[in-house]
Amino acid sequence: MKKITGLFIYAMLLIGLIACQVVLPEENDYSDEIRAISTTINETLPEILSSDYEFPSYDPFNVTYMLNDMTYEEGDRYTYHPSYQDEEVIMQYTISRENTTLTFDHHVRVLSGTTAEHQSSLYIHIDGDVEDINRDDYIAMETSLMTNVNGQMDLIESNVVGRIRGRGHSTWYTYPKKPYKLKFDEKISLLGLPKAKEYVLLAEYADKSLLRNVLTHELSKQLSGIEHALETRYVDLYINLEYRGLYVLTEQVEIKENKLDFDIDFNTNNLSFFIEYDNRYYADDNPDTDPRQWTFYNGIAYNIKEPDYEDEAFTPTFNEAIASYLKDVSDSIKNADNIDDISVYVDIDNWIDYFLLQEITKNVDVGYSSVYLYKKKDSEQLKFGPLWDFDFAYGNADYIDYSPEGFYGLRSDKNYWYHLIMEIPEVRLRYQERALEILPTLKTVADKIMTDVSQSMLNRVNENFILWPTLDIYIWPNPTEVVAANTYIKQIEYLKNYVDSRIDWLLETVSSTAFENGEFVI
């Protein structure tokens, strides 16, 4: 009887539990709603990234984004870091609501810094005419800037106050399309360039590819020995709303924060300086400049850029200290048997990368001007850079042997430092190793830059060449092949062929026993 009663009670309890059980509703499925909002997100996300971007939110959905292996939440900011080439990438975004999660792909192109697809236009207003701008005196200006911001044209700067003057030497006096220097009242970052007061507008009148300087600065970014590579951007320039052509906006070569940055003072016992190897001093028949601005060694004039020779703390002993230091560097190299003997004075990786790129370009100025050198405090090493002035390079100067063959900077009448360092057998072997390592990469990168940038400019160069009809005519110092390349496409083909042939020649030549023995093909 007790057993039956127990079973009965158990059965009744079980029935009660079943009767009291809460039946949960089925979980919500938000797949349809998520697919619907994904359409909106696809339409909202940019197809081009050319600037920083803040990822949007879509309440009540939770959205996360994946770009270049980085995860971003709603409200996070993507920081634009341009490569040397446009990059086609897939941005993945994941939408969640409660227990429903779906992932989608969005195709986006990240623009390189140098592509003309930024469609940047720089507007400068001055009181007076463009002919009033001269090389010696700044005149007041107001500047505005329009560019492509993630697929939409936007006025990103408006009525920025500053001054403008002409700049350059042969490029200012020889050509009708003038280069300019801009100086703003406050530091500003134009198109992602390092924040600064001073900028340069290169006209590239004799370089019908409009690409030689841009290409060189992009290649220098591939070289670890170069401490600072200049940024460049293409802009359509308007002065008083009048179109003045397609220009290259770039940095002023200087020692500044966010650029080549180190402390400089007037301590002659612990030198720090920034100078330019500049034989225009002699070519211009001793120009009327302050003698404190120059120092001389081995028949070469060096223009002292920093420290400021106009500062009352600057004395002639500083000029003498620099010349004495340059002699110490030279003596160290002359008396060296190996790399270790010169390591106190020479940053060998810097010297090799610098002169290797100068040789790739076969730059006419490597032994003449625009060769910058510097020394930091608490270091005895002399370094080269930044690189500058390559419009008469890559086979675009008819007053030298401009063919893709033959060393140029190594000629005994060209760059003294280059010639001197390569007399050391161990340096030649290191040069050879570096050339064989990096030249194939530079060849690939150069081809990609020339292809992408030139294609991006096809719709923009026409207006420039209508205003400045340089194609099919001789512009000093164009070789005959450059004159014969009577279309922009042909100019790019000439440049591409030159770079390919030049690098191929260098690869073959530095591999030779003659090169190892110091027998240079000049």
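Just so we're clear, the structure is a prediction, and the values are computed from it rather than from any experiment. (Residues numbered from 1 in each chain as written. Predicted model: local features only at pLDDT ≥ 70, side-chain atom pairs only at ≥ 80, totals over all residues. Heavy atoms only, no water.)

Draft legend 1. The arrangement of helix α11 (residues 458-467) in detail. Among all positions of α11, only R460, V461, N464 and F465 are buried. Each buried residue of α11 sits inside an arc of 130° when the element is viewed along its axis, so together they form one side. In α11, the exposed positions angled more than 90 degrees off the buried face are occupied by N459 and I466. Buried residues in α11 make contact with β13 (232-239), β14 (242-251), α10 (425-456) and α13 (488-510). (Buried < 20%, exposed > 50% of the residue type's maximum accessible area, 1.4 Å probe, protein only. Helix = DSSP H or I, 4+ residues; strand = E, 2+ residues; numbered from the N terminus. Arc of directions from axis to C-beta. Contact = heavy atoms within 4.5 Å.)

Draft legend 2. Layout of the sheet that holds β14. With mixed pairing, the seven strands of this closed barrel are ordered in space as β8-β9-β10-β11-β12-β14-β13. Averaged over all adjacent pairs, the angle separating strand axes in this sheet is 40°, with direction ignored. By the bridge criterion, ten bridges tie strand β9 (residues 139-149) to strand β10 (residues 152-166) in an arrangement that is antiparallel. Residue pairing across strands places E142 opposite V161, the latter belonging to β10. Together, β13 and β14 form the strand contacts of α11, whose direction differs from that of β14 by roughly 115°. (Pairing = 2+ DSSP bridges. Axes fitted to C-alpha atoms, helices over the stretch in contact; angles between N-to-C directions.)

Draft legend 3. Quick look at the pairing of strand β18 (residues 371-375). Counting buried residues along β18, five of its five residues qualify, which places the element largely inside the surrounding structure. Burial along β18 is two-sided: the face carrying V371, L373 and K375 and the face carrying Y372 and Y374 are both buried. Pairing of strand β15 (residues 273-277) with β18 involves five bridges; the strand directions are antiparallel. Looking at β18, one finds that E276 is bridged to Y372.

Draft legend 4. Just the sheet that holds strand β19 (residues 383-384), in detail. Strands sit in the order β16-β17-β15-β18-β19 across an open sheet of five strands; the sheet is antiparallel. Of all strands in the sheet, those bounded by a partner on one side alone are β16 (294-297) and β19. Pairing between β15 and strand β17 (residues 300-306): four bridges, direction antiparallel. Note on β17: the bridge partner recorded for Y277 is Y302. Where helix α6 (residues 316-334) meets the sheet, it contacts β15, β16, β17 and β18, and its direction lies at approximately 30° from that of β16.

Draft legend 5. Molecular detail of the environment of R109. As for its placement among the helices and strands, R109 is situated in strand β7 (residues 100-110). Along the primary structure R109 and S83 are separated by 26 residues, whereas in three dimensions their C-alpha atoms are 12 Å apart. For R109, the contacting residues outside a window of four places in its chain are E47, I48, L49, D86, E87, E88 and E117.

Draft legend 6. Quick peek at unusual backbone geometry. In the segment running from E306 into P307, the intervening peptide bond is cis, with an omega of 5°. Note the cis peptide between G385 and P386, where omega equals -5°. With a phi angle near 50°, K362 is a residue other than glycine that sits in the positive phi range. Given the relative accessible area of 3%, K362 is considered buried.

Draft legend 7. A look at the confidence of the model for the protein chain. When pLDDT is averaged along the protein chain, the result is 93, and 94% of the positions lie at 70 or above. Under a pLDDT of 50 for its full length, residues 7-11 has, in the predicted model, zero contacts with residues more than four places off or in other chains. Below pLDDT 50 for its whole length, residues 13-25 participates in zero contacts with residues either more than four positions away or in separate chains. (pLDDT = per-residue confidence, 0-100.)

Draft legend 8. The arrangement of the nonpolar core in detail. Ranked by size, the top nonpolar core spans 111 residues in total, and within it I333, W351, F407 and W417 carry the most contacts. Dropping the residues within four chain positions of it, I333 is found in contact with I342, V346, W351, W417, L420, I421 and I424. Formed by 26 residues, the second largest nonpolar core is a distinct cluster that contains Y65, Y80, F104 and V110. (Core = buried A, V, L, I, M, F, W, Y, C linked by side-chain atoms within 4.5 Å.)

Draft legend 9. A look at the pattern of salt bridges. Scanning the entire structure with this criterion turns up 32 salt bridges. Between D504 and K443 there is a salt bridge, with its nearest N and O atoms 2.7 Å apart. Of the two residues, D504 is situated in helix α13 and K443 in helix α10; the sequence distance between them amounts to 61 residues. By relative accessible area, which is 38% here, D504 ends up partly exposed. Judged by its relative accessible area of 24%, K443 falls in the partly exposed class. (Salt bridge = Lys/Arg side-chain N within 4 Å of Asp/Glu carboxyl O.)

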